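Chains, contacts and geometry: an overview
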Amino acid sequence: MNRSSPIPIATAFALVLAAGAVLASPPAQTALPAWEQLTPAQRELVIAPLRDRWNADPQMRARLFQHAQRWQQLTPEQRARMRHGLGKWEHMDPQQREAMRTLFHKMRDLTPGQRATLREQWRAMTPQQRRDWVEANRAPAD
């Protein structure tokens, strides 16, 4: 099973929907239509990646559904922040992703003050020190 952070899964769900509409849309000058106005082919293009993910791993369906429900409860600002984070995530190499997973796993159990301290320490570390820290604090497998 792939190890992944919960943030990308939630954001990926929304981005799959948005990206499909953009790929199937007319030129950028034209406003995108409402869902009801999309052709069946355009709707299929938007939904296909999500359907493939849903069918690929039945054990992940509950998690995908929970993330979709949570996405609906986010404010526009929270959604924008998640999209920004996904953009950064997509440009990371596998080692950087592993480091971020480990850092996220460690930070979620810390108080806000402890998180700030860890962020400062992380920024001050050399690349080798970061690799050593990740190895010593590796997040558990899914």
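Residues numbered from 1 in each chain as written. Predicted model: local features only at pLDDT ≥ 70, side-chain atom pairs only at ≥ 80, totals over all residues. Heavy atoms only, no water.

Looking at helix 5 (residues 94–107)
For helix 5, with 14 residues, the first-to-last C-alpha span of 20 Å sits near the 20 Å given by 1.5 Å per residue. Where helix 5 is buried, its residues meet helix 4 (76–90), helix 6 (112–124) and helix 7 (127–136). (Helix = DSSP H or I, 4+ residues; strand = E, 2+ residues; numbered from the N terminus. Expected span 1.5 Å × (residues − 1). Contact = heavy atoms within 4.5 Å.)

Here's the deal with the nonpolar core
In terms of nonpolar packing, the biggest core is built from 9 residues, these being Ala-99, Leu-103, Met-107, Leu-110, Leu-118, Trp-122, Met-125, Trp-133 and Val-134. If you list the elements that add at least two residues to this core, you get helix 5, helix 6 and helix 7. Each residue touching Met-107, except ones within four places of it in the same chain, is listed here: Arg-115, Leu-118 and Arg-119. (Core = buried A, V, L, I, M, F, W, Y, C linked by side-chain atoms within 4.5 Å. Buried < 20%, exposed > 50% of the residue type's maximum accessible area, 1.4 Å probe, protein only.)

A few points about the pattern of salt bridges
Applying the stated rule across the entire model yields 4 salt bridges. The partner of Arg-101 in a salt bridge is Glu-98, and the shortest N-O contact between them spans 3.6 Å. In this pair, Arg-101 and Glu-98 both sit in helix 5, 3 residues apart, roughly one turn of the helix. You can call Glu-98 buried: its relative accessible area is 13%. Across the salt bridge formed by Arg-138 and Glu-135, the nearest N and O atoms sit 2.4 Å from each other. Taking relative accessible area as the criterion, Arg-138 reaches 37% and is therefore assigned partly exposed. Several salt bridges share partner residues, and in doing so they unite Glu-98, Arg-101, Glu-135 and Arg-138 into one network. (Salt bridge = Lys/Arg side-chain N within 4 Å of Asp/Glu carboxyl O.)

With respect to the packing of helix 5 against helix 6
Where helix 5 meets helix 6, the axes come as close as 10 Å, and the angle between the chain directions of the two elements is 155°. For the element pair helix 5 / helix 6, the angle class is roughly antiparallel. Both helix 5 and helix 6 take part in a crossing whose hand is right-handed. Between helix 5, through Ala-99, Met-100, Leu-103, Lys-106 and Met-107, and helix 6, the contact on the second element is made entirely by Arg-115, Leu-118, Arg-119 and Trp-122. A class-by-class count of the residues in the contact of helix 5 with helix 6 yields 6 nonpolar, no polar and 3 charged. (Axes fitted to C-alpha atoms, helices over the stretch in contact; angles between N-to-C directions. Parallel < 35°, antiparallel > 145°, perpendicular 65-115°, else oblique. Left-handed = near helix turned anticlockwise from the far one by under 90°. Nonpolar A, V, L, I, M, F, W, Y, C, P; charged D, E, K, R; others polar.)

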